[in-house]
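# Observations on chain architecture
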Amino acid sequence: MNRPALSFSIDGNVAIDSPPFAMQPKPVRQLDTSQISSSSEVHWQRFSVAYDYPIAFTREIFSPDNPLLADVISRKEPRKTHRCLIYVDAGIAATWPDLTTRINAYFAAHASRMTLLAAPITVPGGEAIKADLETVNGVLEDIRHYGVDRHAYVIVIGGGAVLDALGLAAAMGHRGVRLIRLPTTVLSQNDSGVGVKNAVNFRGCKNFIGTFAPPWAVLNDFDFLSTLSRRDRLAGIAEAIKVALIRDGAFFDWLEANADSLAEFDPRTEEIMIRRSAELHMQQIARGGDPFEQGSSRPLDYGHWSAHKLEALTHHGISHGEAVAIGIALDARYSVLKGLLPAGAEWRVVWLLKRLGLPVFHAQLLEIGDDGQPAILAGLREFQEHLGGELTITLLAGLGRGHDVHRIDDTMMTAAIDWLREEANRHAAA
């Protein structure tokens, strides 16, 4: 069959070498370029995207008569059967051996709204999962293999490190698949699990590879806390103390008044602490004006510049929550030395931490680096590099009121470290 030959003219019209009876092309409309300037111009693109996701608190989330998970999954498309891929922290899998049975029963009870693409997949828990991209790559391969698209769900059950790493994978797959977090530790329920950050470490740099990606939902089941070790359960309270110190003095007073109940894991007291801490973190993210941390101020990381460095110096011999406890005590004392916080207020911070069995000092704070200065002070530079811009450290101008500074006096910070050492020694002698 002979096809008409096409030829293109320089003005964009098309000529067809064809018999007279062939259909003639429509004339091409010409672009009016009279208003286009040849000089440089800047056009500003502006748009906003509203984010909303539920943060719920419950018990027995996989009980068939608890509709929370099914409701959350189907909230935008109620008539659809939604496809789900579930990951479980190895620590949770070990302490909840019947969890897979519970999950299967739940999905069977709500089969009209949700289906499992595979049996729940167990992943390593703890900080080791964030050491490299191996697990992230594995989850990405699962997303590809099981055909998880932007309208399917990745559901992650675990502590903060697992949520961080698998949240990163979910944010990367197809540029973002729906992520539902089920935090299982005090720290992840009252702090990290409710936020918008995902990350893994890179060559020893904490959270170097990551994204800001809001989840589809955060569902906190208090029952998961019952199998935590005493050490891990207490460590998570440090983040509640942190947010109370920078945002809510009345909450700090409440933590002081209920320290004994918190140390004994009274269920009602623990629930109030987690809920209020989560609320304060949510308020900062939603109303602080910088949810994706484009500026230099990061008040929710009060006490964290030294905590992150201390974790590295101890090769994660102490947990994140324990390092934060030391960091907030250190910065409370420095705030007093700097004249920002009234003298004596730091005693209240240290007393509360000690009453809860949390550390206020670690010998690694005394390590001297190659430059002859305390190695912990390198955390200031690393903190600035991670956030970018001007060094901004949140200190305390009151118990419940944060205050940003842009310079830290090394000599004064060293004096604060020495004070913590004395406090730790006094406590040990007593």
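The residue numbering used here restarts from 1 in each chain and proceeds along that chain's sequence as written. Residue-level local features of this predicted model are given only where pLDDT is at least 70; pairs of side-chain atoms are given and counted only at 80 or more, and the full residue set underlies all totals for whole chains, interfaces and linings. Note: side-chain values were computed over all heavy atoms of the structure, leaving out hydrogens and water.

Note that Thr 95 resides in helix α2 (residues 90-95). In sequence terms Thr 95 and Ser 39 are 56 residues apart; their C-alpha atoms lie 68 Å from each other. Polar contact criterion, stated in full: a pair of N or O atoms within 3.5 Å, where within protein one must be able to donate a hydrogen and the other to accept it, and residues adjacent in sequence count only if both atoms are side-chain atoms. Polar contacts involving the side chain of Thr 95 include one to the main-chain carbonyl oxygen of Gly 91, which spans 3.0 Å. Here a helix means four or more residues in a row that DSSP labels H or I, a strand means two or more in a row labelled E, and each is numbered from the N terminus.

Only buried Ala, Val, Leu, Ile, Met, Phe, Trp, Tyr and Cys residues count toward a nonpolar core, and they belong to the same one when joined by side-chain atoms within 4.5 Å. Here the term buried applies to any residue with accessible area under 20% of the maximum for its type, exposed to any over 50%, and partly exposed to those in between, with areas from a 1.4 Å probe on protein chains only. In this structure, Ile 241, Met 273, Trp 305, Leu 353, Leu 356 and Ile 393 are the most contacted members of the largest nonpolar core, which totals 69 residues. Contact between two residues is taken to exist if any of their heavy atoms lie within 4.5 Å; hydrogens are not considered. The contact partners of Leu 353, leaving out residues within four places of it in the chain, are Ile 241, Ala 325, Ile 328, Ala 329, Leu 358 and Val 360. Membership of the second largest hydrophobic core comes to 27 residues, among which are Ile 61, Leu 69, Ile 92 and Leu 99.

All right, on to the pattern of salt bridges then. A pair is scored as a salt bridge if a Lys or Arg side-chain nitrogen falls within 4 Å of a carboxyl oxygen belonging to Asp or Glu. Evaluation of the coordinates by the stated rule reveals 28 salt bridges. The salt bridge involving Lys 242 is made with Glu 239; its shortest N-O contact spans 2.8 Å. Pair noted here: Lys 242 and Glu 239 are both in helix α8 (residues 237-247), with a separation of 3 residues, about one helical turn. Sharing partners across several salt bridges, the network here consists of Lys 197, Glu 293, Arg 298 and Asp 301.

Here the focus is the pairing of strand β4 (residues 82-89). Burial runs high along β4: 7 of the 8 residues are buried. Here β4 runs beside strand β5 (residues 114-116); their pairing, made up of 3 bridges, is parallel. Directly across from Cys 84, in β5, lies its bridge partner Leu 116. Relative to strand β6 (residues 121-123), β4 runs parallel, the two being bridged by 3 bridges. Paired strands are those between which DSSP finds at least two bridges.

Glancing now at the packing of helix α12 (residues 304-313) against helix α13 (residues 320-337). Here the axes come from fitting lines to C-alpha atoms, over the contacting stretch only for helices, and the angles between their N-to-C directions go from 0 to 180 degrees. At their nearest, the axes of α12 and α13 sit 7 Å apart, and the two run at 135 degrees to each other. Regarding the angle of α12 to α13, the classification is oblique. Regarding α12 and α13, the two cross each other, and that crossing is right-handed. In contact with His 304, Trp 305, Ser 306, Ala 307, His 308, Leu 310 and Glu 311 of α12, α13 contributes His 320, Ala 323, Val 324, Ile 326, Gly 327, Leu 330 and Asp 331. Any angle between 65 and 115 degrees counts as roughly perpendicular, while under 35 counts as roughly parallel, over 145 as roughly antiparallel, and the rest as oblique. Left-handed is the label given to a crossing in which the near helix is rotated counterclockwise from the far helix by less than a right angle, and right-handed is the label when the rotation is clockwise.

This part covers the packing of aromatic side chains. Aromatic ring pairs: the centre-centre distance and the angle between the two ring planes describe each pair. Any pair of Phe, Tyr and Trp rings, taking the six-membered ring for Trp, is counted once the centres come within 6.5 Å. Such a pair is stacked with planes under 30 degrees apart, edge-to-face with planes over 60 apart, and tilted for the rest. Per the counting criterion, the structure on display carries 9 aromatic pairs. Look at Phe 62 and Tyr 106: their rings are 6.0 Å apart centre to centre, the planes differ by 85 degrees, and that puts the pair in the edge-to-face class. Placement of the pair is Phe 62 in the loop between β3 (55-58) and α1 (68-73) and Tyr 106 in helix α3 (residues 99-109), with a sequence separation of 44 residues. The exposure class of Phe 62 is buried, given its relative accessible area of 6%. Within the aromatic cluster, the residues linked to one another by ring pairs are Tyr 51, Phe 212 and Phe 292. We count a charge as sitting over a ring when the NZ of a lysine or the CZ of an arginine lies within 6 Å of the ring centre and within 35 degrees of the ring normal. Here the basic side chain of Arg 75 rests over the ring of Trp 216, its NZ or CZ set 4.2 Å away from the ring centre. Arg 233 extends its terminal NZ or CZ atom over the ring of Phe 265, reaching a point 4.6 Å from the ring centre.

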